[in-house]
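Residue-level structural notes
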Amino acid sequence: MSFLTISHLKKSFGATTVVHDFNLNIEKGEFVSFLGPSGCGKTTVLRMVAGFETPTSGKISIGGQDVVNLKPNQRNIGMVFQAYALFPNMTVAQNVAFGLKVAKKPQAEINATVHEMLSLIKLDHLADRYPYQLSGGQQQRVALARALATKPQVLLLDEPLSALDAKIRVSLREEIRAIQRKLGITTIFVTHDQEEALSISDRIVVMYEGKAEQVGAPFEIYNQPSSRFVASFVGTLNTLDATVRDAAAGIIAIDGKDVMIGQKITNHKVGDKISLAVRPEAVSLGEATDKRETTLDGKINSVHFLGSVIRIRASLGENTVSFDTFNNPSAPPPSPGENVKVSLAAKDMLLLGQ
Ligand SMILES: Nc1ncnc2c1ncn2[C@@H]1O[C@H](COP(=O)(O)OP(=O)(O)OP(=O)(O)O)[C@@H](O)[C@H]1O
Ligand SMILES: [Mg+2]
């Protein structure tokens, strides 16, 4: 049986239901992210797991114990929030010691744990500082140390990085993941940043309007999205309009050019308009080099030089596609207005709404 089990969870505020029949099993030591747009219910599910919100119906169990009727402090859960929620009138060490003091642990044990936690987050040297004397990233590391000090059985992180700048976000997410692995603590990490979720999770729950749209490993979520919402929310997605030419053979026309998509088109007939999803990595500049690719005529709309990567937007007639190429110091990128060849890896195109 899974360590953390959420079954048929529902939450309504008055007449509005914000979480619908939410089901999820998390294994011990697993790192699971909730990824979804603002207002889709991520925090509400997390608050029900923590015990700050009572479910309208459904069950939550941790380590085989039903926790729905337990108070937050009886659930042995550590939580870190988006906003810095440190006690401003306490030093770093006092903040980390707080939960242990409340639990009336002996002073020697408190001192040892505070030391252990501060070295875990590499802030031992700042033990006597107050929160206002710390950077945002340091404050969130202290919040993490405080949440971990009581040795919780589950760690809940609600957008802990969203108030930080981009560079710190990346280094701190790696640090959180390393600490989580080291401690083997079962963790739910809430984010609306898809790159964050893809890069650090064992599994991702893509949420939409209070439901789990898809649950899977990052590779699976990205490469085999189960719905149009997941496909467009996770990663950059090009949507192309096409016309069916031969449904059984899987041939369509994109801006007048026949393309074999490598899958049967089941519920459409010749002449039907269809939509295709194409990831940027299935598009490249230049003639096709592989027989599973198709070459189309394109015109460059825009070129954004991002350093190691160059993001290009090109029109193929009515359709436009975005894709990336790597910087090549000896070959400058094309210019806007230039006519180019664009190749599409047809096998990687996903038929939407089948
Ligand atoms: N106490 C409350 N009373 C009424 N409605 C609420 C309450 N708490 C949350 N909601 C509503 O529930 C929905 C889900 O909110 P929730 O905070 O879980 O979203 P979220 O996915 O965490 O969004 P964000 O990414 O913006 O943090 C929202 O429409 C919100 O307005
Ligand atoms: Mg939230």
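We now turn to the structure provided with this report. In this text the structure is predicted, and so the values were computed from the model without any measurement.

Tallied over the full model, the rule gives 14 salt bridges. Where R203 meets E30, a salt bridge forms, and the shortest distance between an N and an O atom there is 2.5 Å. With a gap of 173 residues between them, R203 in strand β9 (residues 203–208) and E30 in the loop between β2 (16–26) and β3 (31–35) connect regions that are remote in the sequence. With its nearest N and O atoms 2.4 Å apart, the salt bridge here joins K341 to D297. Residue K341 is located in strand β19 (residues 339–345), and its partner D297 is located in strand β16 (residues 293–305); the two are separated by 44 residues in the primary sequence. We classify D297 as exposed; its relative accessible area is 54%. Overlapping salt bridges bring together R169, D193 and E196 as one network.

Strands pair in a sheet through their backbones, by hydrogen bonds, and they do so in one of two ways: parallel or antiparallel. If you trace the six strands from one edge of the open sheet to the other, you get β6-β7-β8-β3-β9-β10, paired in mixed fashion. Because the sheet does not close on itself, it has two edges, and the strands there are β6 (77–80) and β10 (211–216). Each adjacent strand pair in this sheet contributes to an overall mean axis angle of 20 degrees, direction not counted. Across five bridges, the pairing between β3 and strand β8 (residues 186–191) is parallel. Looking at β8, one finds that F31 is bridged to T187. Its contacts with the sheet put helix α4 (residues 136–149) on β6 and β7 (154–158), and the angle it makes with β6 is roughly 170 degrees.

Inspection of every chain in the model, using the stated rule, returns five aromatic pairs. For the ring pair F22 and F34, a centre distance of 5.6 Å and an interplane angle of 65 degrees mean the geometry is edge-to-face. Taken together, the residues span a long stretch of sequence, with F22 in strand β2 and F34 in strand β3 at a distance of 12 residues. Pair check on accessibility: F22 and F34 agree, each one buried. Their ring planes at 35 degrees and their centres at 5.6 Å tell us that F31 and F189 sit as a pair that is tilted. Linking F31 in strand β3 with F189 in strand β8, this pair joins segments that are 158 residues apart in sequence. Taken together through their ring pairs, the aromatic side chains of Y208, F229 and F233 make up a single cluster. Of note, K28 hangs over the ring of F3, and the distance from its end group to the ring centre comes to 4.2 Å. Of note, R279 hangs over the ring of Y222, and the distance from its end group to the ring centre comes to 4.0 Å.

The rules behind the values
Counting restarts for each chain: residues are numbered from 1 in the order of the written sequence. Each chain gets a letter, beginning with A, and each ligand a number, beginning with 1, in the order they are written. Residues qualify for local features only when their pLDDT is at least 70, as the model is predicted, and side-chain atom pairs are given and counted only at 80 or more; totals for whole chains, interfaces and linings, by contrast, use all residues. Note that water and hydrogens are dropped before the side-chain values are worked out from all heavy atoms of the structure. Any Lys or Arg side-chain nitrogen located within 4 Å of an Asp or Glu carboxyl oxygen qualifies as a salt bridge. In this text, helices come from DSSP runs of H or I with a minimum length of four residues, and strands from runs of E with a minimum of two, each type numbered from the N-terminal end. Summary of the burial criterion: residues with accessible area below 20% of their type's maximum are buried, those above 50% are exposed, and those between are partly exposed, where the area comes from a 1.4 Å probe applied to protein chains only. We treat two strands as partners when DSSP finds at least two bridges between them. The angle between two axes is taken between their N-to-C directions and runs from 0 to 180 degrees, where each axis is a line fitted to C-alpha atoms and a helix contributes only its stretch in contact. In what follows, a contact means two residues having at least one pair of non-hydrogen atoms within 4.5 Å. What counts as a ring pair is set by centres within 6.5 Å for rings of Phe, Tyr and Trp (its six-membered ring), and what kind of pair is set by the plane angle: stacked under 30 degrees, edge-to-face over 60, tilted for all other angles. Definition used: whenever NZ (Lys) or CZ (Arg) falls within 6 Å of the ring centre and also within 35 degrees of the ring normal, the charge is taken to sit over that ring.

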